[in-house]
Amino acid sequence: MGQRRRRGHPHAHHHRCPRRIALPAAALALLFLAVSLVSVSLLSAPPLPDRPGLGSSSSSSSRRFLRHHQANSSGGELEGSGSGEAFGIPTHESIAPYDLWRSKLASNFYGCSNSSSKFLDSSVTTQPDRYLIVVTSGGLNQQRTGIIDAVVAARILNATLVVPKLDQTSFWKDSSNFSEIFDTDWFISFLAKDVKIIKEPPEKGGKVMRPYKMRVPRKCTPRCYLNRVLPALLKKHVIRMTKYDYRLSNKLDTDLQKLRCRVNYHALKFTDPIQELGEKLVQRMREKSRHFIALHLRFEPDMLAFSGCYYGGGEKERRELGAIRKRWKTLHIRDPEKGRRQGRCPLTPEEVGLMLRALGYTSDVHIYVASGEIYGGEDTLAPLKALFPNFHTKETVSSEEELAPFLKFSSRMAAVDFIVCDESDAFVANNIGNMAKILAGRRRYFGHKRTIRPNAKQLYPLFLKRGNMSWDAFSSQVRIIQKGYMGEPMEINPGRGEFHANPAACICEKTHGNLAVKSSSGSNVEHVNDTGIRKAIGEPPYPVYTDEEADGSDTEDDPTGRVEMIDTETDDDTVTRQEDPEPEEILSD
């Protein structure tokens, strides 16, 4: 309130810093500011255009890393780096509007794959001098579909099946034979009443009978087998079908679908060494936490190359994935952004983590990641690990000595992951490949265990906008989008749906007294009679067709049958012309 001091006031020097002191102080302040800016930039690690899978562009603005909020180092929240307002992810416990680990409706349903009284014993149906040999194709789970369908094809043809030969020459290059992955004796004995199975090709006069080699079209119906394969089988007696994957129609009558389930869920057991290691890893995961998530990440270079998707890695990503994509000459050129918009691309590890946190899974949840080499390596995984620090793989949960016998065999390594994923409390499938389909169906059959399929088509635009919305708004939208993709018994499978992913003919509904538990229209209800044998009544919700009900075509997708191939010149698959892998092979896992 007094007079304003003038520059010449005798006490003014007490309120000013001398010039020789002020200049060094200012320099130190500038230096501190520069160091702080560099530190922040390093912590936030903005995507660079030449870093694979981690780049950013105007069309791929969703690629952002997560870091601890600088103003809250106590761990109160995580914040997305990049432009836009703060995207804080709370680390405290949140209450999900549903049970994250199981469905309350699951106890009303169970797997039922017993045959009907019309399905005759193989001792009655199997005809002499009819032998079927199949050579499967692809990785472990694609070959699994081929084995399943080979059993059903042998039943359709009333033939004896020779234990299938596994693919040892394709992209996966695994030298394992059937008996090194699956329990052969169990496989033969369990299916003895359905199909006669022998370990080695038949002999005549002390010599192995020469097979007639042929290939049937994709999704060949029972009529197709009777029209195309049976005449050759009657004449040649031994048929060898090559590249056997998806060679049987998705649409079969109920008894044949149930046979598929008996093969898939009961007859195919892994060998003891594989099963024992898988169970050890499950036990170790259980020791870490009461519940755990298994994530089939499927973000390997081959998957990304095949998908034709782009994740913002600039010219380096385009060049690297483009070189891999050239392996499949029949693949069409795709619009990368269109693929993302249509939901045909895997989510990035960061996007998977954000989806799970938005659904209500907290940062202390343990995650087992089933995956091969991740494109971009640790840089790509960093955001997921920031969201879920309790991050595990078969390599981290097992010892080097335990894993050593399996390392050179991709199918055996995949089998170990399969066991852990199957036994997990929640399974997340980040793709539509064969492992995802097989496990989704298996988990439905054995009690509808929580199985999450990202609704990538709807999630993609949400990820693009997340920098301009609050966490609460984001998580609310994710939960809405994921309805129908959480593995509930009542879910309607979007799209066409594969039987292996939704084995509805083998899912039965429990009854209470004379009243069935309410369910979707046309659900399968199975009663237990006095003998303890389950018998299904009613029609399953999945459409099934007998030969008479099918249309004029004898293949599901290709009425011309133009892809049928017959080759009688050689019996050795290893010397035949190497062909381009068909699209399903790369999704095989």
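Residues numbered from 1 in each chain as written. Predicted model: local features only at pLDDT ≥ 70, side-chain atom pairs only at ≥ 80, totals over all residues. Heavy atoms only, no water.

Caption draft 1: Seen up close, the pattern of salt bridges. Taken as a whole and judged by the stated rule, the model has 22 salt bridges. Across the pair D422 and K449 runs a salt bridge whose closest N-O atoms are separated by 3.8 Å. Of this pair, D422 sits in helix α16 (residues 410-423) while K449 sits in the loop between α17 (434-445) and β16 (450-452), placing them 27 residues apart in sequence. By relative accessible area, K449 is classed as partly exposed at 24%. Among the ionic pairs, R444 bridges to E491, the shortest N-O distance being 3.5 Å. (Salt bridge = Lys/Arg side-chain N within 4 Å of Asp/Glu carboxyl O. Helix = DSSP H or I, 4+ residues; strand = E, 2+ residues; numbered from the N terminus. Buried < 20%, exposed > 50% of the residue type's maximum accessible area, 1.4 Å probe, protein only.)

Caption draft 2: Focus on unusual backbone geometry. One non-glycine residue, N158, lies in positive phi territory at about 55 degrees. The topology assignment puts N158 in the loop between α3 (140-156) and β6 (160-162). Given the relative accessible area of 25%, N158 is considered partly exposed. The phi dihedral of H237 falls on the positive side, at around 75 degrees, and the residue is not glycine.

Caption draft 3: Focus on the pairing of strand β12 (residues 292-296). Taken across its 5 residues, β12 has 5 buried, putting it largely inside the fold. A two-sided burial pattern is seen for β12, the buried positions comprising F292, A294 and H296 on one face and I293 and L295 on the other. Bridging between β12 and strand β15 (residues 426-429) involves 4 bridges; their strand directions are parallel. Bridge pairing in β15 places A294 opposite F427. (Pairing = 2+ DSSP bridges.)

Caption draft 4: Geometry of the state of the cysteines. If you walk through the whole model with that rule in mind, you get 4 disulfides. One disulfide bridge connects C112 with C508, the sulfur atoms lying 1.8 Å from each other. The disulfide joining C112 to C508 has a torsion of about 80 degrees about its S-S bond and is therefore right-handed. Highlighted residues: C112 in the loop between β4 (109-111) and α2 (122-125) and C508 in strand β17 (residues 507-509), separated in sequence by 396 residues. Given a relative accessible area of 0%, C508 falls into the buried group. Note that C220 is cross-linked by a disulfide to C224, the S-S spacing being 1.6 Å. As the torsion about the S-S bond is roughly -95 degrees, the C220-C224 disulfide counts as left-handed. The same class applies to C220 as to C224, namely buried. Ordinal numbering of bonded cysteines along the protein chain defines a disulfide pattern of 1-8, 2-3, 4-7, 5-6. (Disulfide = S-S within 2.5 Å.)

Caption draft 5: Summary view of the nonpolar core. In terms of nonpolar packing, the biggest core is built from 72 residues, with F187, Y225, I239, M241 and F270 touching the most fellow members. Looking at which element gives the most residues to this core, the answer is α3, with 9 residues. (Core = buried A, V, L, I, M, F, W, Y, C linked by side-chain atoms within 4.5 Å.)

Caption draft 6: Inspection of the pairing of strand β10 (residues 212-215) at higher detail. Of the two faces of β10, the one holding Y212 and M214 and the one holding K213 and R215 are both buried throughout. Note that β10 and strand β11 (residues 238-244) share 3 bridges and pair parallel. The residue of β11 that forms the bridge with K213 is R240.

Caption draft 7: Focus on the confidence of the model for the protein chain. A residue-level look at the protein chain finds 70% of positions with pLDDT of 70 or above and a mean pLDDT of 78. Confidence drops under a pLDDT of 50 for residues 558-587, and excluding neighbours within four residues, the segment shows 69 contacts in the predicted structure. (pLDDT = per-residue confidence, 0-100. Contact = heavy atoms within 4.5 Å.)

Caption draft 8: Structural context of a negative patch on the surface. A contiguous patch of negative charge, built from D272, E276, E279 and E423, is present on the exposed surface. Here the negative patch takes 3 residues from helix α8 (residues 272-288), the largest share from any one element. Summarising the element assignment, E279 is placed in helix α8. E279 sits in the partly exposed class, given a relative accessible area of 45%. (Patch = residues over 30% accessible without salt bridge, like charges linked within 9 Å, V, L, I, M, F, W, Y side chains within 5 Å. Areas by Shrake-Rupley, 256 points an atom, 1.4 Å probe, with all protein chains shown as cover. Lys, Arg positive; Asp, Glu negative; His and termini not counted. Charge placed at Lys NZ, Arg CZ, Asp CG, Glu CD.)

Caption draft 9: How the structure looks around the side chain of R260. Here R260 is to be found in helix α7 (residues 254-267). Among the polar contacts listed, one links the side chain of R260 to the backbone oxygen of S249, at a separation of 2.8 Å. Excluding residues within four positions of it along the chain, R260 makes contact with I148, D149, V152, L248, S249, N250, L252, F499 and H500. (Polar contact = N/O pair within 3.5 Å; in protein donor to acceptor, adjacent residues only side chain to side chain.)

Caption draft 10: Region of interest: a positive patch on the surface. On the surface, a cluster of positive charge is contributed by R334, K338, R341 and R344. Take K338: its relative accessible area is 39%, and that puts it in the partly exposed class.

Caption draft 11: Main features of the packing of aromatic side chains. All told, the structure shown has 12 aromatic pairs when counted by the stated rule. For the ring pair Y265 and Y445, a centre distance of 4.4 Å and an interplane angle of 25 degrees mean the geometry is stacked. With Y265 in helix α7 and Y445 in helix α17, this pair connects stretches of sequence that are 180 residues apart. A relative accessible area of 6% places Y265 in the buried class. Taking the ring centre of F388 as reference, the NZ or CZ of R357 above it sits at 5.9 Å. A cation over a ring is seen here: R412 above F409, with NZ or CZ 3.6 Å from the ring centre. (Phe/Tyr/Trp six-rings, centres within 6.5 Å; stacked < 30°, edge-to-face > 60°. Lys NZ or Arg CZ within 6 Å of the ring centre and 35° of its normal.)

Caption draft 12: Inspection of the packing of helix α12 (residues 349-359) against helix α19 (residues 471-481) at higher detail. Between α12 and α19, the shortest axis-to-axis distance is 8 Å and the interhelical angle comes to 90 degrees. Classified by the angle their axes make, α12 and α19 are roughly perpendicular. Together, L354, M355, R357, A358 and L359 of α12 and W471, F474, S475, V478 and R479 of α19 make up the contact between the two elements. By residue class, the composition of the contact of α12 with α19 is 7 nonpolar, 1 polar and 2 charged. (Axes fitted to C-alpha atoms, helices over the stretch in contact; angles between N-to-C directions. Parallel < 35°, antiparallel > 145°, perpendicular 65-115°, else oblique. Nonpolar A, V, L, I, M, F, W, Y, C, P; charged D, E, K, R; others polar.)

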